[in-house]
Protein chains: 2
Amino acid sequence: MLAKSFNIHIDNQDLLDEAFTQASYVNEHKGQNLKFYERLEFLGDAVLQLIVSSYIFQRYPKMPQGRLTRLRAAMVNEKSFSTFARECTFDKYIRLGRGEEKAGARNRDSLLCDIFESFVGAVYLDQGQATVEKFVQQVIFPKLDEGMFAEFFDHKTELQELAQADGPVDIDYELIDEFGPDNDRSFKVNVSIGDKLFGVGIGHSKKAAEQRAAQQALTHFDTEGDNLV
Amino acid sequence: MLAKSFNIHIDNQDLLDEAFTQASYVNEHKGQNLKFYERLEFLGDAVLQLIVSSYIFQRYPKMPQGRLTRLRAAMVNEKSFSTFARECTFDKYIRLGRGEEKAGARNRDSLLCDIFESFVGAVYLDQGQATVEKFVQQVIFPKLDEGMFAEFFDHKTELQELAQADGPVDIDYELIDEFGPDNDRSFKVNVSIGDKLFGVGIGHSKKAAEQRAAQQALTHFDTEGDNLV
């Protein structure tokens, strides 16, 4: 299955079996000397942390550390990893004990996240870090451009985080103008922090105008312009 | 300095400067377009996590995930990294603003830990992961054999963790015998959990006998015998 989808070949089939085997399955097959995925998950987690860290470090050369840390947390978590595991159809290959199967573990986010990491651990051990990087380039990185983490790159959210870093302040978006024909209407929005004007934005919707106003306001903060997406 | 101690050569001097420069120094030298270490620290942290994870994964092939995670946490933290930074005399090379210098930041564990990570981030970018691995093999891994993390490998502590995993239980060590001449005395200790005997140990001190008794008791738990140090 993997050979087809990602051009990944694993020599050691035992390692691949281990990556997809839950402890409940091992307990039901004592004497077969099977291993379960948890150690590989430990390793795979660290491999993914580094590959993602290294990628966003290079891709966003001016993004400050705090935002890099938050972006990595938005990419490396149970929700996203379970999504990737489903996309890779890893759920089909998990070996579960009967009780866990009945309890619906096969579709549980936490298990799918674990399996995504253990799979990466197995590939890392068997084929090396470069092969994992190729896999991640296909499975994780395109999601940045597809908008999976769009919330993170939201200018209004970022402005709120930065403006309120030292305590609560009022951030107001005010529609100050509308112009143009009905089928090509434009909106102009001011954003103020406290009572001071920080930015102006124009767009074809109020939402777009607010985003642009927030983007302009961000230039007042020392964020080193990390809005590259 | 680094070339001498660790056979590390860094081509990009700017990167090395960045690794050793705190924000306070940059603020006092505006216009020089300097960078501070925080982004490199972000990267170095992930590099160190993976290298340490990979090493202990291989070195302790039967250590379960939970213990691997705790061992990594014992190795990768502010206390140990600041110790390594001092051993590498990194404190001498940090560039601080005057206020921070006066406040004693140069000897602050949190800063030294950050600098250890940012240095690793710089080496990783400039020379690659294999060079960092060589550095870590000299600076961190020998500490396992030198007993820096001995507390982690303490059998009594491990027994307590495992026995009390599902709630509090009584663990009793009882001296049941002493024998041999005064200059070569031996002690025999029983360890019971609840009211059941779990292990017996003999040693030349009560402490050593207790450790052996705990070690034997551990074989009753499914720890896969990870007491390799």
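Not measured: the values here are computed from a predicted model. Numbering of residues begins from 1 in every chain and follows the order in which that chain's sequence is written. Throughout, the order in which chains and ligands are written sets their labels, letters from A for the former and numbers from 1 for the latter. Local features in this predicted model are restricted to residues of pLDDT 70 or higher, and side-chain atom pairs are both shown and tallied only at a pLDDT of 80 or more, whereas totals for entire chains, interfaces and linings draw on every residue. Side-chain numbers here rest on the full set of heavy atoms in the structure, without hydrogens or water.

Novice: It is not clear to me how the packing of aromatic side chains should be interpreted in this structure. Could you clarify?
Specialist: A ring pair, where both rings are aromatic, is described by two values, the distance of the centres and the angle of the planes. When the centres of two rings from Phe, Tyr and Trp lie within 6.5 Å, Trp using its six-membered ring, the rings pair. Their planes under 30 degrees apart give stacked, over 60 give edge-to-face, and anything left gives tilted. Counted according to the given criterion, the structure contains 26 aromatic pairs over all chains. Judged by centre distance (5.3 Å) and plane angle (85°), the ring pair of Phe20 of chain A and Phe90 of chain A falls under edge-to-face. Of the two residues, Phe20 of chain A is situated in the loop between α2 (13-19) and α3 (23-28) and Phe90 of chain A in the loop between α6 (78-87) and α7 (98-102); the sequence distance between them amounts to 70 residues. Taken together, the aromatic side chains of Phe20, Phe81, Phe84, Phe90, Tyr93, Phe116, Phe119 and Phe135 of chain A make up a single cluster linked through ring pairs. Above the plane of the ring of Phe57 of chain B lies Arg39 of chain A, whose end atom (NZ or CZ) is 4.2 Å from the centre. In this description a helix means any DSSP run of H or I spanning at least four residues, a strand means any run of E spanning at least two, and both kinds are numbered starting from the N terminus. For a ring to carry a charge above it, either NZ of a lysine or CZ of an arginine must fall within 6 Å of the ring centroid while also lying within 35 degrees of the normal to the ring plane.

Novice: So what exactly am I meant to see when it comes to the pattern of salt bridges here?
Specialist: Once their charged atoms are close, side chains differing in charge can pair, the charge on each being opposite to the other. All names here are of chain B. Each reported salt bridge corresponds to a side-chain nitrogen of Lys or Arg within 4 Å of a carboxyl oxygen of Asp or Glu. Evaluated as defined, the whole model comprises 17 salt bridges over all chains. In this structure, Asp145 and Arg59 form a salt bridge, with 2.7 Å as the shortest nitrogen-oxygen distance. With Asp145 in helix α10 (residues 142-146) and Arg59 in helix α4 (residues 38-59), this residue pair connects regions lying 86 residues apart in the sequence. Working definition: with a 1.4 Å probe on protein chains only, accessible area under 20% of the residue-type maximum means buried, over 50% means exposed, and in between means partly exposed. You can call Arg59 partly exposed: its relative accessible area is 23%. With a shortest N-O distance of 3.2 Å, Glu100 and Arg108 are connected by a salt bridge.

Novice: How should I be thinking about the confidence of the model for chain A in this particular structure?
Specialist: Segments scoring low in pLDDT should not have their predicted coordinates read at a detailed level. The predictor attaches a confidence to each residue, and that confidence, scored 0 to 100, is pLDDT. With 95% of its residues at a pLDDT of 70 or more, chain A has an overall mean of 91. Contacts between residues were defined by any pair of non-hydrogen atoms, one from each residue, lying within 4.5 Å. A low-confidence stretch, residues 223-229 of chain A stays under pLDDT 50, and its non-local contacts, those more than four residues away or across chains, total 23 contacts.

Novice: Looking at this structure, how should I read the interface of chain B and chain A?
Specialist: Think of interface size as the accessible area that goes away when the parts come together; that is how it is often given. Tallying the contact residues gives 30 residues for chain B and 30 residues for chain A. Counting the surface lost from both chain B and chain A, the interface buries some 2,400 Å², and carbon and sulfur atoms represent 60% of this. Buried surface area refers to the total accessible area, computed with a probe of radius 1.4 Å, that the two partners give up upon joining, counted for both partners together. Summed over the three residues of chain B that lose the most area to chain A, namely Arg39, Phe42 and Phe57 of chain B, the buried surface amounts to 35% of that side. Between chain B and chain A we count 0 salt bridges in total. Whenever a nitrogen or oxygen atom comes within 3.5 Å of another N or O atom, the pair is scored as a polar contact, on the condition that within protein one atom can donate a hydrogen and the other can accept it, and that pairs from neighbouring residues in sequence are kept only if both atoms are in side chains. Viewed at the interface, chain A and chain B are joined by 15 residue pairs in polar contact (both at pLDDT 80 or more). Of all the elements in the fold, those that place two or more residues in the side of chain B that touches chain A are α4, α5 (65-75) and α8 (109-127) of chain B. Here the element with the most residues in the side of chain B that touches chain A is α4 of chain B; it accounts for 16 residues. Of the residues contributing to the side of chain B that touches chain A, the split by class is 16 nonpolar, 7 polar and 7 charged. Gly counts as polar in this scheme, as do all residues outside two lists: the nonpolar Ala, Val, Leu, Ile, Met, Phe, Trp, Tyr, Cys and Pro, and the charged Asp, Glu, Lys and Arg.

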